[in-house]
Amino acid sequence: MNTDRGGLAGFRLTHRTWTDELGTWSSALAADGRPAGALSFDPRLIADPATRERLVGAVVADRGLAHAGVTGLVPIADLIAAQGEVWLLTAEPVNPTVADLLSETPGVPRPDAGSAAGVLVEIAQTLLAVHAAGLAHGALHPGTVVIAADGSARLVERGLADAIHGRPPAPERDVAAWSSLARGLAASWAASSPGAAGLFERAAATASTHGLAPARDVLTAGRDLLPPGFDTRDRLLETLHLWTAHDVRSRDRRQASALPPAPALPAPDEGDIVTLLHVPRSGESRTEDVVMRFGPGVPVETTAAQLWRAGRDQQQTEPPSDKLRVLGAPARRRRRRAAVSSAILALMVVAALVAWLLRSSAVPLAVTGLDVVAPKKTQGCGATVKIKGLLTTNGSAGEIRYQWKRSDRKDTIEQTDTVASGKTSHEVILQWSVKGEGSFKGTATLRLLSPLPEGKKLQDKATFNFKC
């Protein structure tokens, strides 16, 4: 479908539209001419005022992640209400997605296994930062993974589906979706490379069992199985360039063969465009909508070297736009009162978010105890023994590095887990497969590598019996 519907809060909707579970996406151009995106939510999904409240909360949280240094999300420019519709405006384009590149496109080569590995590593890194903030994506699939112009992977629609459906954040659902994506890319982009496909399968299994951090480490440790150009994204950039050229040619052909376009609709009156912060409750007037802007001009600082930096950046807001126009002095007074009250509410929300970030990062993660438990019952033929380690923490977020040592091997097993704030315990599992006949006594030792209490060493061990 081709359209050019004029301006929308400084954005111009352009030629390309497509639909997904949330509504209709349009490619767009921002006020400065840079490519962007615009999502018109399906009105049936957001008719309930409580749903709009949750949607606003998800957008505020997303912007908080961006200000804290999470760079793997497509940045949100604004969330607005215009002529009865609710729009999400993004500061970067939201196509092509992995779903676009998975489709067979004439003249466009399929990305290779190195491209898949790079995408999976970057998604895992972004999700780890999101989960560490107590949030989740909620709808991870090939259609919500965007490939940016530099070949990096960005996530779009973070938290929107959960907000619309009233679901709490579920990081485990993101992990399962990441594993599914890894297996899908193994069967497509890595189909011609059995070694890489096996690497992705191992990473998917590791994610399901141990989490995203160890799964990411499996991929980075398997670099030798990936084709040249893994680090520089050579093949992915080539595919991206050819896909974009094909998309432009297809658009030009459609426009050339189409009927003369109808006159463009006039741009919506800027007085009817407001940024959503507080959604009217039942019985309240539409004139009480918020006019506080999170506009495209608000700078968003990102730091590639550190994915999650809390407490350094503060949310910034713009004053109500001079372009907001309503007829009559009473309407202006109502909007002025709404602006003041809404700005106060906005500052309270932002202050609470920043305070939470500061609190969660002020105290570094510490592990205060460690306990290992093995099955007491004698294990039989072909058993896989599950040995559990329980680490007690101070409830802060961070990474835990630990090491398993099996009594039947010289080599150790080193792993890294990411711990979310608010949890004072973390469980780690060792799967020990025993084969053959006879009697055997196995001992598993768990040793903490970091963070270590000053001047202390934390480790524990447990023993099980095997007889076949």
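Residues numbered from 1 in each chain as written. Predicted model: local features only at pLDDT ≥ 70, side-chain atom pairs only at ≥ 80, totals over all residues. Heavy atoms only, no water.

## Digging into the confidence of the model for the protein chain
Part 1 of the argument: Here the protein chain averages 78 in pLDDT, and 74% of its residues register 70 or above.
Part 2 of the argument: This stretch, residues 258-271, has a pLDDT under 50; its non-local contacts, to residues over four places away or in other chains, come to 20 contacts.
Part 3 of the argument: Segment residues 277-331: pLDDT under 50, and 130 contacts once partners within four positions in sequence are set aside and those in other chains are kept. (pLDDT = per-residue confidence, 0-100. Contact = heavy atoms within 4.5 Å.)

## Some points on the sheet that holds strand β13 (residues 412-419)
Part 1 of the argument: Pairing in this open sheet of 4 strands is antiparallel, and the strands run β13-β12-β15-β16 from one edge to the other. Strands with a single pairing partner mark the edges of an open sheet, and in this sheet they are β13 and β16 (459-467). Neighbouring strand axes in the sheet, compared pairwise and without regard to direction, differ in orientation by 25° on average.
Part 2 of the argument: Bridging between strand β12 (residues 398-406) and strand β15 (residues 439-450) involves 6 bridges; their strand directions are antiparallel. Looking across to β15, one finds that Y402 is bridged to L448.
Part 3 of the argument: Relative to β13, helix α7 (residues 212-221) is tilted by about 130°, and along the sheet it contacts β12 and β13. (Pairing = 2+ DSSP bridges. Helix = DSSP H or I, 4+ residues; strand = E, 2+ residues; numbered from the N terminus. Axes fitted to C-alpha atoms, helices over the stretch in contact; angles between N-to-C directions.)

## Some words on the state of the cysteines
Part 1 of the argument: Across all of its chains, the model carries 1 disulfide by this definition.
Part 2 of the argument: Disulfide partner of C381: C468, at an S-S distance of 1.9 Å. Residues C381 and C468 are joined by a disulfide whose S-S torsion is about 105°; by sign, that bridge is right-handed. Placement of the pair is C381 in the loop between β10 (367-373) and β11 (384-393) and C468 in the segment after β16, with a sequence separation of 87 residues.
Part 3 of the argument: Judged by its relative accessible area of 55%, C381 falls in the exposed class. (Disulfide = S-S within 2.5 Å. Buried < 20%, exposed > 50% of the residue type's maximum accessible area, 1.4 Å probe, protein only.)

## Things to note about the side chain of T445
Part 1 of the argument: By the secondary structure assignment, T445 is in strand β15.
Part 2 of the argument: By relative accessible area, T445 is classed as buried at 18%.

## Quick look at unusual backbone geometry
Part 1 of the argument: Cis rather than trans, the peptide bond between N95 and P96 has omega equal to 5°.
Part 2 of the argument: Residue position: P96 is located in the loop between β6 (85-90) and α2 (98-102).
Part 3 of the argument: Backbone torsion omega between S450 and P451 reads -5°, so that peptide bond is classified as cis.
Part 4 of the argument: Turning to its location among the elements, P451 is positioned in the loop between β15 and β16.
Part 5 of the argument: The phi angle at E157 is positive, at roughly 65°, despite the residue not being glycine.

## Here we look at the environment of P75
Part 1 of the argument: Looking at the element boundaries, P75 is found in the loop between α1 (49-67) and β5 (76-82).
Part 2 of the argument: Residues P75 and L155 lie 80 residues apart in sequence; the distance between their C-alpha atoms is 9.3 Å.
Part 3 of the argument: Setting aside chain neighbours within four positions, we find P75 in contact with T90, A91, E92 and R154.

## Quick notes on the packing of helix α5 (residues 171-187) against helix α6 (residues 194-210)
Part 1 of the argument: As a packed pair, α5 and α6 sit with axes 8 Å apart at the nearest point and diverge in direction by 170°. The pairing of α5 with α6 is recorded here as roughly antiparallel in orientation. Here α5 contributes V175, W178, S179, A182, R183, L185 and A186 to the contact with α6, which in turn contributes A197, F200, E201, A203, A204, A205, A207 and S208.
Part 2 of the argument: Classifying every residue of the contact of α5 with α6 by side-chain character gives 11 nonpolar, 2 polar and 2 charged. (Parallel < 35°, antiparallel > 145°, perpendicular 65-115°, else oblique. Nonpolar A, V, L, I, M, F, W, Y, C, P; charged D, E, K, R; others polar.)

## Some details on the nonpolar core
Part 1 of the argument: Among the nonpolar cores identified, the biggest contains 51 residues, and V119, I123, V145, W178 and F200 are the most heavily contacted of them.
Part 2 of the argument: When residues of this core are assigned to their parent elements, the largest contribution, 12 residues, is made by helix α3 (residues 113-132).
Part 3 of the argument: Other than its neighbours up to four places away in sequence, I123 contacts L140, V145, A153, L155, W178 and L181. (Core = buried A, V, L, I, M, F, W, Y, C linked by side-chain atoms within 4.5 Å.)

## Some words on the pattern of salt bridges
Part 1 of the argument: Applying the stated criterion across every chain yields a total of 12 salt bridges.
Part 2 of the argument: With its nearest N and O atoms 2.6 Å apart, the salt bridge here joins D32 to R34.
Part 3 of the argument: The partner of E399 in a salt bridge is R216, with the nearest N and O atoms 4.0 Å apart. Here R216 lies in helix α7 and E399 lies in strand β12, a separation of 183 residues in the sequence. (Salt bridge = Lys/Arg side-chain N within 4 Å of Asp/Glu carboxyl O.)

## Examining the sheet that holds β10
Working definition: the strands of a sheet are paired by backbone hydrogen bonds and lie parallel or antiparallel to each other.
Part 1 of the argument: Strand order in the open sheet formed by 3 strands is β10-β11-β14, and the pairing between neighbours is antiparallel. Each edge of the sheet is formed by a strand with only one pairing partner; in this case those strands are β10 and β14 (425-433). With strand direction ignored, the average angle separating the axes of adjacent strands in the sheet is 20°.
Part 2 of the argument: As judged from the 6 bridges shared by β10 and β11, these two strands associate in the antiparallel manner. Paired with V367 across the bridge in β11 is T393.

## Remarks on α1
Part 1 of the argument: Compared with the 27 Å implied by 1.5 Å per residue over 19 residues, the 27 Å span of α1 between its first and last C-alpha is a close match.
Part 2 of the argument: Burial analysis of α1 places 14 of its 19 residues in the buried class, the great majority of the element. (Expected span 1.5 Å × (residues − 1).)

## Here we look at the pairing of β13
Within a regular strand, side chains alternate between the sheet's two faces.
Part 1 of the argument: Sheet topology note: the β12/β13 ladder contains 8 bridges and is antiparallel. Note on β13: the bridge partner recorded for W404 is I413.
Part 2 of the argument: Where β12 hands over to β13, the hairpin turn is made up of 5 residues, counted between the paired strands.

## What to know about the packing of aromatic side chains
Part 1 of the argument: One pass over the structure, following the stated rule, counts 4 aromatic pairs.
Part 2 of the argument: On the basis of an interplanar angle of 65° and a centroid distance of 6.1 Å, the ring pair of W432 and F440 is categorised as edge-to-face.
Part 3 of the argument: Judged by its relative accessible area of 1%, W432 is buried.
Part 4 of the argument: The partly exposed category is assigned to F440, whose relative accessible area is 28%.
Part 5 of the argument: With a centroid separation of 5.0 Å and an interplanar angle of 85°, the aromatic rings of W432 and F464 are classed as edge-to-face. Separated by 32 residues along the polypeptide, W432 in strand β14 and F464 in strand β16 bring together distant segments of the chain.
Part 6 of the argument: When its relative accessible area of 1% is taken as the criterion, F464 is described as buried.
Part 7 of the argument: Of the aromatic side chains, those joined through ring pairs into one cluster are W432, F440 and F464.
Part 8 of the argument: The ring of W18 has R16 lying over it, and the distance from NZ or CZ to the ring centre is 5.0 Å. (Phe/Tyr/Trp six-rings, centres within 6.5 Å; stacked < 30°, edge-to-face > 60°. Lys NZ or Arg CZ within 6 Å of the ring centre and 35° of its normal.)

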